[in-house]
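Observations on the model geometry
Residues per chain, in single letters:
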Amino acid sequence: MMNSRLKCTATALVLFLSGCSAKTETIEIINPTDFIDNTAAVNTIDTINNSQLIGVTGFDIMLNNAPAVGVAIGIVPRVNNEPSSQNFVEVTTLRSLIAADTTITATANNNANISISTYWRDQRYVQSTAHDTHVTLRILSLDRLSKTGFISVQARLVDLDSGEFIHVEQEQVVITGQDFINLVGR
């Protein structure tokens, strides 16, 4: 079962990245015991922070029956120039919501206008109505002249098989060039 899930996830990542500007970056993992509030760290295996933009979808996708855009952040180590790991966060929201100073949130998967999932160390983490999960996407700024935008993503997601949680704490992700054009639309 694990191998089929990995193949499916890798295929989804390859399809997602086929419309993105590919980048490879590093990521810092913080030990859950480093949290100030250790109650939030119970069953939490990692906190994802300081990762970089992998890409923004450059093709048409739909969410809640409306045009949407997806942003992938994290790391994608490559073997023979092909993605070889599932270490990324993908957040998708409606294209109509992309504007500076916008915040889009969901608690326990209660907002159909935003979707997030994380593939990390061969596990898939998602929002859940049965668990204490949440996501916040902030579009901090969009500068069409310089083709530069800044977003932040915070989330608490769960692996439905193991019950383990993962935190996403991306304070600022820079989106430039073609990825910026993909984000704001043509």
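Owing to the predicted nature of the structure, the values given are computational and were not obtained by experimental measurement.

Re the nonpolar core
Of all hydrophobic cores here, the largest spans 29 residues; its most connected members are Val 71, Ile 116, Ile 151 and Val 153. Aside from chain neighbours lying at most four places away, what touches Ile 151 is Val 71, Leu 137, Arg 138, Ile 139, Leu 140, Glu 171, Gln 172, Val 173 and Ile 175.

Details of the environment of Asn 49
Position of Asn 49 relative to the elements: it lies in strand E2 (residues 44-49). As a C-alpha pair, Asn 49 and His 167 span 118 residues in sequence and 8.6 Å in three-dimensional space.

So, the side chain of Asp 159
Positionally, Asp 159 belongs in the loop between strand E13 (148-158) and strand E14 (165-176). Asp 159 sits in the buried class, given a relative accessible area of 3%.

Description of helix H2 (residues 177-184)
For H2, the complete set of buried residues consists of Asp 179, Phe 180, Asn 182, Leu 183 and Val 184. Looking at the packing, one finds that the buried side of H2 touches strand E3 (52-56), strand E5 (66-75), strand E12 (134-143), E13 and E14. Count one or two residues on from H2 and you reach Gly 185, which has phi positive near 95°.

Digging into the packing of aromatic side chains
Under the definition given, this model contains one aromatic pair. Here the guanidinium or amino end of Arg 156 rests over the ring plane of Phe 165, the centre of that ring lying 3.7 Å away.

Focus: unusual backbone geometry
Positive phi values are uncommon outside glycine, yet Asn 64 reaches one of about 55°. On the secondary structure map, Asn 64 appears in the loop between strand E4 (61-63) and E5. Positive phi is not limited to glycine here, since Asn 65 has a value of about 60°. The exposure class assigned to Asn 65 is exposed, which follows from its relative accessible area of 75%.

Considering the environment of Arg 121
Position of Arg 121 relative to the elements: it lies in the loop between strand E10 (114-120) and strand E11 (123-126). What makes Arg 121 partly exposed here is its relative accessible area of 48%. Residues Arg 121 and Asn 87 lie 34 residues apart in sequence; the distance between their C-alpha atoms is 6.2 Å.

Brief notes about the confidence of the model for the protein chain
Taken as a whole, the protein chain shows an average pLDDT of 78; of its residues, 69% reach a score of 70 or greater. Per-element averaging of pLDDT across the protein chain places strand E1 (residues 28-30) at the bottom with 33 and E12 at the top with 97. When the criterion is pLDDT under 50, residues 1-41 qualifies, and its contacts beyond four places in sequence or with other chains add up to 80 contacts.

The rules behind each value
- Residues numbered from 1 in each chain as written.
- Predicted model: local features only at pLDDT ≥ 70, side-chain atom pairs only at ≥ 80, totals over all residues.
- Heavy atoms only, no water.
- Core = buried A, V, L, I, M, F, W, Y, C linked by side-chain atoms within 4.5 Å.
- Buried < 20%, exposed > 50% of the residue type's maximum accessible area, 1.4 Å probe, protein only.
- Contact = heavy atoms within 4.5 Å.
- Helix = DSSP H or I, 4+ residues; strand = E, 2+ residues; numbered from the N terminus.
- Phe/Tyr/Trp six-rings, centres within 6.5 Å; stacked < 30°, edge-to-face > 60°.
- Lys NZ or Arg CZ within 6 Å of the ring centre and 35° of its normal.
- pLDDT = per-residue confidence, 0-100.

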